[in-house]
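Architecture at a glance
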Amino acid sequence: MTPKKILGWGAVALVVVFISSGDTFKFLPKPAREASKTSREFVVSLWPKWLRPKDTNEKREKELEKIEKGQGAK
């Protein structure tokens, strides 16, 4: 690999680390930490809604609430 490729991939890695966990780095100033969080929210919002994971336990949670309400009324 050429030095340009190594520097390019290094820069990409730094950007990914900054976006994914930059807000947890206490040595960064507050505006930089907020930029990290804003960038992450923007990247996540680009993901299509129909590809987002579904809550597979939703039906079970509703059934449990229904049972708890039924037992509380007695």
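Because the structure is predicted, anything quoted here is derived from the model rather than measured.

1. Examining the environment of L7
Mapped onto the secondary structure, L7 falls in helix α1 (residues 3–21). For L7, a relative accessible area of 63% corresponds to the exposed category. Between the C-alpha atoms of L7 and K69, which are 62 residues apart in sequence, the distance is 60 Å.

2. Some remarks on a nonpolar patch on the surface
On the surface, a cluster of nonpolar side chains totalling about 590 Å² of accessible area is made up of M1, I6, W9, V12 and V16. One can find V16 in helix α1.

3. Details of the side chain of S36
Mapped onto the elements of the fold, S36 is located in helix α2 (residues 30–45). Engagement of the side chain of S36 in a polar contact is seen with the backbone nitrogen of D23, the distance being 3.4 Å. Those residues in contact with S36 that lie beyond four places of it in its chain are F18, I19, S21, G22 and D23.

Conventions we followed
Residues numbered from 1 in each chain as written. Predicted model: local features only at pLDDT ≥ 70, side-chain atom pairs only at ≥ 80, totals over all residues. Heavy atoms only, no water. Helix = DSSP H or I, 4+ residues; strand = E, 2+ residues; numbered from the N terminus. Buried < 20%, exposed > 50% of the residue type's maximum accessible area, 1.4 Å probe, protein only. Patch = residues over 30% accessible without salt bridge, like charges linked within 9 Å, V, L, I, M, F, W, Y side chains within 5 Å. Areas by Shrake-Rupley, 256 points an atom, 1.4 Å probe, with all protein chains shown as cover. Salt bridge = Lys/Arg side-chain N within 4 Å of Asp/Glu carboxyl O. Polar contact = N/O pair within 3.5 Å; in protein donor to acceptor, adjacent residues only side chain to side chain. Contact = heavy atoms within 4.5 Å.

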